[in-house]
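So the chains spell out like this:
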Amino acid sequence: MADRPMLERLVKLNDVWLSRKDVLHGVQRYEVSTKKIRIHTDCGEVITVNNSRRSASARALRNSKYRKVCKHCKLSDERINRFVAKDFYDPGITYVEATVKKSAPKKVMKKGAGSTAVTSAGSSTAQQTAAANSTVQQAATTENNAVQPQTSASAPAAASVSVPATTPIQPTAKENVTVSANEKYSPSQRKRLEALLVSDEIDLDSPDLPPFEELEAELVSKRKAELVDIYENSREHMLAKLERDISAFLISKGFIEIKSSILIPEEYIIKMGIDKDVELSKQVFRTDDGKCLRPMLAPVLYNYLHRFGKVMPDPLKIFEIGPCYRKESDGSSHLEEFTMVNFCQMGEGCTRENLVQLIDEFLTYLGISYEIEGDECMVYGATVDVMHGDLELSSAVVGPVPMDMDWGVDKPWIGAGFGLERLLKAKYNFKNIKRGSRSEFYYNGIYTNL
Ligand code: ATP
Ligand code: 9VF
Ligand code: MG
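Residues numbered from 1 in each chain as written. Chains lettered and ligands numbered in written order. Predicted model: local features only at pLDDT ≥ 70, side-chain atom pairs only at ≥ 80, totals over all residues. Heavy atoms only, no water.

Novice: Mind showing me how you'd approach the side chain of threonine 383 here?
Specialist: Along the polypeptide, threonine 383 turns up in strand β12 (residues 381-388). Within the local environment of threonine 383, its side chain forms a polar contact with the side chain of aspartate 385, the two groups lying 3.1 Å apart. Not counting the four nearest positions on each side in its chain, threonine 383 is found in contact with Glu373, Gly374, Asp375, Glu376, Cys377, Ala396 and Val397. (Helix = DSSP H or I, 4+ residues; strand = E, 2+ residues; numbered from the N terminus. Polar contact = N/O pair within 3.5 Å; in protein donor to acceptor, adjacent residues only side chain to side chain. Contact = heavy atoms within 4.5 Å.)

Following this line, the structure appears as structure tokens:
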């Protein structure tokens, strides 16, 4: 596309750099990666920005306006004049002045004498906000979490995060019109704040909130402190820690731990009674070699019941914890990549009473409250559903079921499958399940783009 030149091209042809404060610098050298350009100015500053023709830096360079020339760069008049005269424009390119959509609101905060510094800090905040908007996605739009760390050392330390409610709002003359609380922050600012809130420490609809820049800065520094605290103390990821805790619990209860393949034969899905036209079948991620990413642990556990049933004493108790995959559309309680624990017992003692007792001990150990409900599912028929409010933590089953025949299982059994991220969501009261999932955006519930 014959469009505006990449920032790199502008820098190369023109040999100068304009700082955010519109100070003109000489370019000593620069490096480019696939997305970024790093400029080394003659005065020794190093600036890394997006190598984009649409960036603010590129626009500034095209406009050829500067406020002052850097004293330390010792720019020659010739270099300055060439910049002003726009000599770097390449006649071979048609420059299209397309309207650039603003992705973040321009900062207007100016406080007394320090106005330049505030403006500059403000614009870096705006950039962060824009970056956040592109990455937060669904999670941030729906979140406003209340985290109640309990026993775990790696729990997000956010229960007591407080922001002074008394921070005065200083409206500028223009802003003096009373705005409703909802309009205090723009939608993108709100998204950014929601992402930064781990708990319901602040009600974003409350009327007495500080300006965006102030609240954002405060939250960013709290979240940084919490991450550093994790780094200095526990260093444990909450999902991995939960897996370890659950393994330890089940092993102590006499269950043997299994680790099987995440890629399984597609036939196992059919063998579980999930026909092609059934909803769950449509949720399966298939690969082109007749395999699929397991949507559940049950098929391989069935095979283990059959094989270990011939080897181990009765009752046989087994469990597996690991990633499962389902194509999902519903956001705040469903992940496409989640972690399941499925424990089951075969032989002696496989009663509903024992199943409920085991589930009670399990959830008491994890510190999660629950209610038991009866439900129906297409795979097993009647299930014992374990709920935390409206959130299904587990479907549990009292066998035998007719499908057992297909798997060579001929003894009674009980079993339950729990989603680990749902357990974290329940325990820490996350608004969105993503907070506790495998993610680059959240670490132990804390937003990582700080
Ligand atoms: P739902 O009805 O909530 O979609 P499900 O009944 O399809 O769940 P099961 O097949 O019973 O789920 O799986 C056992 C457990 O695995 C669920 O109770 C839940 O804790 C967890 N789980 C299932 N699907 C997901 C998912 N997409 N994301 C996170 N956890 C899940
Ligand atoms: C209950 C949840 C198939 C006899 C080895 C054990 C169970 C678990 C239901 C899971 C599923 N069933 N996602 O069976 O423990 O399979 O739908 Si077994
Ligand atoms: Mg279920």
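What follows picks up the thread again.
Novice: How should I be thinking about the site of ligand 1 in this particular structure?
Specialist: Neighbouring ligand 1 are 15 residues, the closest being Glu328, His334, Leu335, Glu392 and Leu393. The backbone of leucine 335 places a nitrogen or oxygen atom 2.8 Å from a nitrogen atom of ligand 1. A distance of 3.0 Å separates an oxygen atom of ligand 1 from a polar atom in the side chain of arginine 422. Bound to the protein, ligand 1 loses 79% of the 580 Å² it would expose on its own. Within the residue set of the shell around ligand 1, elements represented by two or more residues are β10 (337-346), β13 (391-398) and β14 (413-419). By residue number, the principal contributor to the shell around ligand 1 is β13, which donates four residues. Looking at the shell around ligand 1 residue by residue, the class counts come to five nonpolar, six polar and four charged. (Near = heavy atom within 4 Å. Areas by Shrake-Rupley, 256 points an atom, 1.4 Å probe, with all protein chains shown as cover. Nonpolar A, V, L, I, M, F, W, Y, C, P; charged D, E, K, R; others polar.)

Novice: What exactly am I supposed to notice about the layout of surface pockets here?
Specialist: If you roll a probe as big as a water molecule over the atoms, it shows you where there is empty space left. Space inside the second largest pocket adds up to approximately 970 Å³. Every element with two or more residues in the lining of the second largest pocket is listed here: α9 (279-282), α10 (298-308), β10, β11 (371-377), β12, β13, β14 and α12 (420-428). Counting residues per element, the lining of the second largest pocket draws most heavily on β14, which supplies six residues. Within the lining of the second largest pocket, the residues separate by chemical class into 21 nonpolar, 10 polar and nine charged. (1 Å grid on protein atoms, 1.4 Å probe; cavity = no way out; pocket = protein on both sides within 12 Å on 5 of 7 lines; lining within 4 Å. Points joined across faces, edges and corners; volume = space filled by probe spheres on them.)

Novice: Which parts of the structure should I look at to understand the pattern of salt bridges?
Specialist: Oppositely charged side chains can form a pair if their charged atoms are brought close together. Tallied over the full model, the rule gives 18 salt bridges. Here arginine 82 makes a salt bridge to aspartate 15, at a shortest N to O gap of 3.4 Å. In this pair, arginine 82 is assigned in helix α3 (residues 77-84) and aspartate 15 in the loop between α1 (7-14) and β1 (16-18), connecting sequence segments 67 residues apart. We note a salt bridge from glutamate 243 to lysine 259, for which the minimum N-O separation is 2.6 Å. With glutamate 243 in helix α7 (residues 238-252) and lysine 259 in the loop between β6 (256-258) and β7 (263-265), the pair connects residues that are 16 residues apart, well separated along the chain. Residue glutamate 243 is classed as partly exposed on the basis of its relative accessible area, which comes to 22%. Salt bridges sharing partners connect three or more residues here, namely Asp15, Asp42, Arg79 and Arg82. (Salt bridge = Lys/Arg side-chain N within 4 Å of Asp/Glu carboxyl O. Buried < 20%, exposed > 50% of the residue type's maximum accessible area, 1.4 Å probe, protein only.)

Novice: Help me understand the site of ligand 2 in this model?
Specialist: For ligand 2, the set of nearby residues contains 17 residues, the closest of which are Ala298, Met340, Asn342, Tyr380 and Gly415. Here an oxygen atom of ligand 2 and a side-chain polar atom of asparagine 342 are 2.8 Å apart. Residue alanine 416 places a main-chain N or O atom 3.3 Å away from an oxygen atom belonging to ligand 2. Mapped by element, the contributors of at least two residues to the shell around ligand 2 are α10, β10, β13 and β14. For the shell around ligand 2, a count of residues per class yields 12 nonpolar, four polar and one charged.

Functional significance is not addressed by these values, which are geometric in nature.
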